[in-house]
Amino acid sequence: MIAAKNINITKVERSKLNDINLENIPFGKYFTDHMLEVDYEDGEWKQVEIKPYQPLLLDPSVAAIHYGQSIFEGIKAYKNTNGEAFIFRPLDNYKRFNISAERMEMPQVPEDIFMEGMRLLVSLDNNWIPQQSDHALYIRPFMFSCDHMIGVRPSDKYKFMIILSPSGPYYTTPMRIYVEEEYVRAVPGGVGYAKAAGNYGAAMHPTAEAKKRGYDQVLWTDAFEHKYVQECGTMNVFFIIGNKAITPGLDSGTILAGVTRDSVIAVLKDMGVEVEERRLSIDEIIEAHKSGQLQEVFGTGTAATISLIKELRYKDYVMHFDVDTWKSGPYIKETLNGIRYGSLLDRHGWMEKI
Ligand code: COI
């Protein structure tokens, strides 16, 4: 672990918190007093700095802007009713961050910088953690290439940063989802499993088209047949069919290995529900809907939490759901919230106290 003395801390003179109301705060719009910044140069990570949140001064030729060598993570910190602060499964996000880094030919971020830096930053700004239900302090670690050059090659210089945003829910109401069969998010051998910035940039046009049709997000399908479902724009997806829960498997490398996805699988198993991680075709989903076996559909993600899906459209076939009658999705959400806000026992050891 990096000793606190190895991180330079410069505190703000006056907290912005006095000017912000954390109640019903929107997702990702406000940022706390401090941020973490560290540069990678000459093959090593330099001095880690925690300093007042401020704009960056970047050269216009900085490589990440031109070629998108940029990755990120999303993690949340919560406060329980005793006012103690916890981070949800941060080590899992740390590991995924370095998997993304490897795919994007970026340096590995050492565990002490990522984990201890995050703990210090969150404890410094812990007054910013909202305590309202469905609210949290969203932690955004990210890294981007920093060489000043127009040539296409991996940089020698990188910047790793963490910023914090007190946030309410990403989606506030049950969602309408459009099954995408023209555009593609990921192919085997591609970057679908990485949390690469470009994955999200490339999704914006298809998502905007789905929005024009009245939908909140797309559900991606495989690139070859547009037959097997993958994930939604900002979340993994689960289907309750009969007495089983089915979610697309991770084996083709086209799906982000969501930490919330993994937690939901564990909660479902705790509930005694059989979980299948496998290929799931849109035909199987439609068959299950027609036979009355498709009971629930929901998305899972750090930002999205558990987002119930009230409508799923594939071509002209529209599936409407009465989410008010659902049991599993709402129960899982309540269980995860109970663990996060401290009213339920954390039997999986997911909450890391800071
Ligand atoms: C997250 O759930 O943390 C995400 O990164 C999804 C989105 C906000 C990009």
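Here, the structure is the one placed above.
Residues numbered from 1 in each chain as written. Predicted model: local features only at pLDDT ≥ 70, side-chain atom pairs only at ≥ 80, totals over all residues. Heavy atoms only, no water.

K.L.:
Quick one: what's the story with the site of the ligand, residue by residue and with numbers?
P.N.:
In the vicinity of the ligand, the residues found are F72, G74, Y138, R140, Y170, K195, Y200, T302 and A303. Separating an oxygen atom of the ligand from a side-chain N or O atom of K195 is a distance of 2.9 Å. When isolated, the ligand has an accessible area of 280 Å², and the protein chains bury 91% of it. Taken together, the residues of the shell around the ligand break down into 5 nonpolar, 2 polar and 2 charged. Here the shell around the ligand spans two domains, and each of domain 1 (4-169) and domain 2 (175-333) adds at least three residues to it. (Near = heavy atom within 4 Å. Polar contact = N/O pair within 3.5 Å; in protein donor to acceptor, adjacent residues only side chain to side chain. Areas by Shrake-Rupley, 256 points an atom, 1.4 Å probe, with all protein chains shown as cover. Nonpolar A, V, L, I, M, F, W, Y, C, P; charged D, E, K, R; others polar. Domains from an automatic or database assignment.)

K.L.:
Explain the pattern of salt bridges to me, and be specific about the residues and the numbers.
P.N.:
Applying the stated criterion to the full structure yields 23 salt bridges. In this structure, E276 engages K244 in a salt bridge whose closest nitrogen and oxygen atoms are separated by 3.0 Å. One end of the pair, E276, is in strand β15 (residues 274-277); the other, K244, is in strand β14 (residues 244-247), and 32 residues separate them in sequence. Judged by relative accessible area, which is 18%, E276 ranks as buried. With a relative accessible area of 27%, K244 lands in the partly exposed category. Between R278 and E284 there is a salt bridge, with its nearest N and O atoms 2.7 Å apart. You can call R278 partly exposed: its relative accessible area is 26%. Where salt bridges share partners, they join E37, D39, K51 and K159 into one cluster. (Salt bridge = Lys/Arg side-chain N within 4 Å of Asp/Glu carboxyl O. Helix = DSSP H or I, 4+ residues; strand = E, 2+ residues; numbered from the N terminus. Buried < 20%, exposed > 50% of the residue type's maximum accessible area, 1.4 Å probe, protein only.)

K.L.:
Just give me the short version of a nonpolar patch on the surface, but keep the residues and values in it.
P.N.:
Judged by side-chain polarity, L56, L58 and I65 come together as a nonpolar surface patch covering roughly 250 Å² of accessible area. Here L56 is to be found in the loop between β4 (48-52) and α1 (63-67). Overall, L56 belongs to the partly exposed group, its relative accessible area being 34%. (Patch = residues over 30% accessible without salt bridge, like charges linked within 9 Å, V, L, I, M, F, W, Y side chains within 5 Å.)

K.L.:
A description of the side chain of N98 should follow, citing residues and the corresponding values.
P.N.:
Relative to the helices and strands, N98 is located in helix α2 (residues 90-103). Its relative accessible area of 8% is what places N98 among the buried residues. Once residues within four sequence positions are removed from consideration, N98 is found in contact with Q108 and V109. (Contact = heavy atoms within 4.5 Å.)

K.L.:
Residues and numbers for the pairing of strand β18 (residues 317-320), please.
P.N.:
Here 4 bridges tie strand β17 (residues 305-314) to β18, and the two strands are oriented antiparallel to one another. If you follow E311 over to β18, its bridge partner there is H320. What sits between β17 and β18 in their antiparallel hairpin is a turn of 2 residues, with K315 showing a positive phi close to 50°. (Pairing = 2+ DSSP bridges.)

K.L.:
Go over α2, please, and point to the residues and values.
P.N.:
With 14 residues, α2 extends 20 Å from end C-alpha to end C-alpha; this agrees with the ideal 20 Å at 1.5 Å per step. Of all the positions in α2, only P90, N93, Y94, R96, F97, N98, S100 and A101 are classed as buried. Positive phi shows up at E105, right after α2, with a value of about 55°. (Expected span 1.5 Å × (residues − 1).)

K.L.:
Account for the packing of aromatic side chains, naming residues and giving values.
P.N.:
Taken as a whole and judged by the stated rule, the model has 17 aromatic pairs. With centroids separated by 5.7 Å and ring planes inclined at 10°, the aromatic side chains of F238 and F298 adopt a geometry described as stacked. With a gap of 60 residues between them, F238 in strand β13 (residues 236-241) and F298 in strand β16 (residues 294-301) connect regions that are remote in the sequence. A single burial state applies to F238 and to F298, both of which are buried. Three or more aromatic residues joined by ring pairs make a cluster, and in this case those are F27, Y138, Y170 and Y171. The lysine or arginine in question, R176, covers the ring of Y215, its NZ or CZ lying 4.6 Å from the ring centre. Above the plane of the ring of F88 lies R340, whose end atom (NZ or CZ) is 4.3 Å from the centre. (Phe/Tyr/Trp six-rings, centres within 6.5 Å; stacked < 30°, edge-to-face > 60°. Lys NZ or Arg CZ within 6 Å of the ring centre and 35° of its normal.)

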